[in-house]
Amino acid sequence: MLKKICLCFVLLIVFMFCGCSEETPKEVADVEDDDDLHIGMSFDSFVIERWTKDKEIFVASAQTYGAKVNVQNASGDLNTQIEQIRYLINKKMDVIVIIAVDSYGLSNVVNEARNAGIKVIAYDRLINNADINLYISFDNKQVGTLMASSLVNVIGDDGKYLMLSGPTTDNNVKMVEEGFVETLAKSNAEIKAAMNAVNWKAEYAYEFLEQNQSLIDNISGIMCGNDNIATQAIRFLAERGYAGKIPVVGQDADLEACQRIVEGTQLMTVYKPVEELAKTAADCAINLAQGRDITTVYNTETINNGSYKCPYINLPPVAVNKENIDDIIIKEGFHLREEVYLNIKK
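Note that the coordinates shown come from a computational prediction; the quantities given were computed from them, not determined experimentally.

The next point concerns the side chain of S61. With respect to the secondary-structure elements, S61 resides in helix α2 (residues 50-64). Relative accessible area serves as the criterion here: at 11%, S61 is assigned to the buried category. Polar contacts involving the side chain of S61 include one to the main-chain carbonyl oxygen of I57, which spans 2.8 Å. When residues no more than four places from it in sequence are discounted, the contact partners of S61 are K279 and A282.

Written as structure tokens, this is what we have:
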């Protein structure tokens, strides 16, 4: 009897150890067998219309390589974005792609990612003072140049302008403003007033115009940091009978902006081929994840972000107006013709 009890006890111990030994190797095997590439993507927000397109194209392109993309939305809050990037670090992403809420506020967390062996791409907005592996964007200074040139071509050399820009926390805004101001400096133009919309909240532009209504009678044109801001500026002008009389320029080629261009209430928008940007960024993320030196794969420039000289892929923007909107926006499939001309009577 005692022998039977001992035998049962021994068997019980053996079964217990067998059960444990099966569970732990199984969990380890799951991790070891996960050969997929993992890309984290942290967006500032989706307040700006174009970011949804960027996300969809990037994710679809990355998935064609078999990569898994973890998309986070910081809703315009810097601390939230920092927490989300740390979450992606803990998830052991191969690459993290960042559309920065604040170009100056992410250096520490980006360096945390780099110290963890994770590659980092600054997408469309430069991240300052951080050891990023790549900055990919459009020529933002050229965006400002195109805006100013479009206004001067219509108004002449003696124009007086309002500059309604994006937030100072976005490094691209500084570059756009530089291009705009430098181009106007070649003429006798004057910037009468300027403001910056915090967190790209376009309603601040409307509030600024309401508080400075006397400026409207003395300006020739309005530069808007993007088409969302242009929407608010043109709304203000329309309510006072000035829509179409004061030229307005923006950027991003939002659908409403394209509609306003053919209707005659917005002079120009700067089109940035989002599909090319997102697909190129996805390809770069895959190359970085696979350990390739991106400067040997792409013809890169360098840009100084304050502390580092970073590889930089620089894509050209295009000025879109009433004359070329069909050839650029519609033929390239960015918007459908029936959408752009929706409000035009046949």
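After that view of the structure, there is still more to cover.
Attention shifts here to the sheet that holds strand β8 (residues 221-224). Taking strand neighbours across the sheet as the criterion, the six strands line up as β7-β6-β8-β9-β10-β13 in an open arrangement whose pairing is mixed. The open sheet has two edge strands with one neighbour each: β7 (190-196) and β13 (318-320). Neighbouring strand axes in the sheet, compared pairwise and without regard to direction, differ in orientation by 20 degrees on average. As judged from the six bridges shared by strand β6 (residues 160-165) and β7, these two strands associate in the parallel manner. In the sheet register, L164 faces β7, and the bridge partner there is M195. Its contacts with the sheet place helix α6 (residues 171-184) against β6, β7, β8 and β9 (248-251), and it is angled at close to 170 degrees to β6. Against the sheet, helix α8 (residues 227-239) contacts β6, β8, β9 and β10 (268-271), and its axis sits at roughly 155 degrees relative to β9.

Before going further, it helps to examine the sheet that holds strand β2 (residues 68-73). One open sheet accounts for seven strands, arranged β2-β1-β3-β4-β5-β12-β11; its pairing is mixed. Strands with a single pairing partner mark the edges of an open sheet, and in this sheet they are β2 and β11 (301-304). Direction aside, neighbouring strands of the sheet carry axes that sit 25 degrees apart on average. As defined by bridge partners, strand β3 (residues 95-98) adjoins strand β4 (residues 119-123) across four bridges and the pair is classed as parallel. Looking at the pairing, I96 lines up with V120 of β4.

Let us look at the pairing of β4. In terms of residue burial, β4 counts as a mostly covered element, since four of its five residues are buried. Running through helix α4 (residues 107-115), the crossover from β3 to the neighbouring parallel element β4 is right-handed. Pairing of β4 with strand β5 (residues 134-138) involves three bridges; the strand directions are parallel. When the sheet's bridge partners are listed, A122 is paired in β5 with Y135.

If the charged atoms of two oppositely charged side chains come close together, the side chains can form a pair. Applying the stated rule across the entire model yields 16 salt bridges. When the shortest N-O distance is used, the salt bridge between R50 and D54 registers 2.7 Å. Linking R50 with D54, this pair stays in helix α2, spanning four residues, or about one helical turn. Given the relative accessible area of 0%, D54 is considered buried. In this structure, K279 engages E275 in a salt bridge whose closest nitrogen and oxygen atoms are separated by 2.8 Å. In this pair, K279 and E275 both sit in helix α10 (residues 274-289), four residues apart, roughly one turn of the helix. The exposure class of K279 is partly exposed, given its relative accessible area of 41%.

Conventions used here
Residues numbered from 1 in each chain as written. Predicted model: local features only at pLDDT ≥ 70, side-chain atom pairs only at ≥ 80, totals over all residues. Heavy atoms only, no water. Helix = DSSP H or I, 4+ residues; strand = E, 2+ residues; numbered from the N terminus. Buried < 20%, exposed > 50% of the residue type's maximum accessible area, 1.4 Å probe, protein only. Polar contact = N/O pair within 3.5 Å; in protein donor to acceptor, adjacent residues only side chain to side chain. Contact = heavy atoms within 4.5 Å. Pairing = 2+ DSSP bridges. Axes fitted to C-alpha atoms, helices over the stretch in contact; angles between N-to-C directions. Right-handed = clockwise from strand over helix to strand, strands pointing away. Salt bridge = Lys/Arg side-chain N within 4 Å of Asp/Glu carboxyl O.

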